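For reference, the chains in residue letters:
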Amino acid sequence: MERYETFRRANISRGGVKKLANAVLNQSIANNVAVAISGFSKVFLGEVIERALDVQRRMDPPYPLNPYASQKPLLPEHIREAWRLYKQETALVPAAHWRRAGGQGDGRMFR
């Protein structure tokens, strides 16, 4: 129940979403669009984090004498493996070379 409550309380900054969208789209977005993007982002991050927790349980099994011991924090390797699994299972993530900026640049979305 604690994770659910934390998820409900967490939010993604609309200002940060607007800055990122403005940088990617080269135009300003309305507040309603920023709210929608932040909502989608929150759900997406929740899915990746849940996968990372599954990866953590698989990589680092809990101590058998005390299965209720508190979990260790997620490590970058857990998140990387969860992202790899997400890309493999959903096939919805485009390749890095899909975006061309008017024929200029190397075409990579993330530098």
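Just above sits the structure.
Residues numbered from 1 in each chain as written. Predicted model: local features only at pLDDT ≥ 70, side-chain atom pairs only at ≥ 80, totals over all residues. Heavy atoms only, no water.

Asker: Can you explain the pattern of salt bridges? Please cite residues and give values.
Answerer: Following the criterion strictly, the structure yields three salt bridges and no others. Ionic pairing is found between arginine 51 and glutamate 89, a salt bridge with its closest N-O pair at 2.3 Å. With arginine 51 in helix α3 (residues 31–59) and glutamate 89 in helix α4 (residues 76–90), this pair connects stretches of sequence that are 38 residues apart. A relative accessible area of 22% places arginine 51 in the partly exposed class. Here aspartate 54 ties to arginine 57 by a salt bridge, and the two come within 2.7 Å at their closest N and O atoms. Within this pair, aspartate 54 and its partner arginine 57 are both found in helix α3, separated by three residues, close to a single helical turn. (Salt bridge = Lys/Arg side-chain N within 4 Å of Asp/Glu carboxyl O. Helix = DSSP H or I, 4+ residues; strand = E, 2+ residues; numbered from the N terminus. Buried < 20%, exposed > 50% of the residue type's maximum accessible area, 1.4 Å probe, protein only.)

Any functional reading would require information that these geometric values do not contain.
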